[in-house]
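Spelled out, the chains give:
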Amino acid sequence: MRFEIMRLDEIDGTAVETTVVDAASVNRIVQQAAAIGQRLWIRPADAPAS
């Protein structure tokens, strides 16, 4: 499963960077963001059309 992770602006909460990662990478990204106090929005990525 893939997830879309958006890094949020500290002032107004708008997305400033978006990336799509696999499930194995989510924990690492969350741990890095938590270490520096960064806000994230994580949601399942759209599945590609088959």
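Our structure's up above, just so we're on the same page.
Residues numbered from 1 in each chain as written. Predicted model: local features only at pLDDT ≥ 70, side-chain atom pairs only at ≥ 80, totals over all residues. Heavy atoms only, no water.

Student: Before we move on, can you summarise the pattern of salt bridges with the specific residues and values?
Tutor: Using the criterion set out here, one finds two salt bridges in the structure. E4 is the salt-bridge partner of R43, the closest N and O atoms lying 2.7 Å from each other. Taken together, the positions of R43 in strand β3 (residues 40–44) and E4 in strand β1 (residues 2–8) put the pair 39 residues apart, joining distant regions of the chain. Among the residues examined, E4 registers a relative accessible area of 17% and is labelled buried. (Salt bridge = Lys/Arg side-chain N within 4 Å of Asp/Glu carboxyl O. Helix = DSSP H or I, 4+ residues; strand = E, 2+ residues; numbered from the N terminus. Buried < 20%, exposed > 50% of the residue type's maximum accessible area, 1.4 Å probe, protein only.)

Student: So what's going on with the packing of aromatic side chains? Which residues, and what values?
Tutor: Note on aromatic pairs: each is described by the distance of the centres and the angle between the planes. Counting across every chain of the model gives zero aromatic pairs. Residue placement shows R43 over the ring face of W41; its charged tip is 5.0 Å from the ring centre. (Phe/Tyr/Trp six-rings, centres within 6.5 Å; stacked < 30°, edge-to-face > 60°. Lys NZ or Arg CZ within 6 Å of the ring centre and 35° of its normal.)

Student: I'd like a description of helix α1 (residues 23–36), backed by residues and values.
Tutor: Taken together, the buried positions of α1 are S25, V26, I29 and A33. The buried side chains of α1 occupy one side of the element, clustering within an arc of 110° when seen end-on. Structural note: α1 exposes A24, N27, A34 and A35 on the side pointing more than 90 degrees away from its buried face. Following α1 by one or two positions, G37 adopts a phi angle in the positive range, close to 75°. (Arc of directions from axis to C-beta.)

Function cannot be read off these values alone, since they describe shape.
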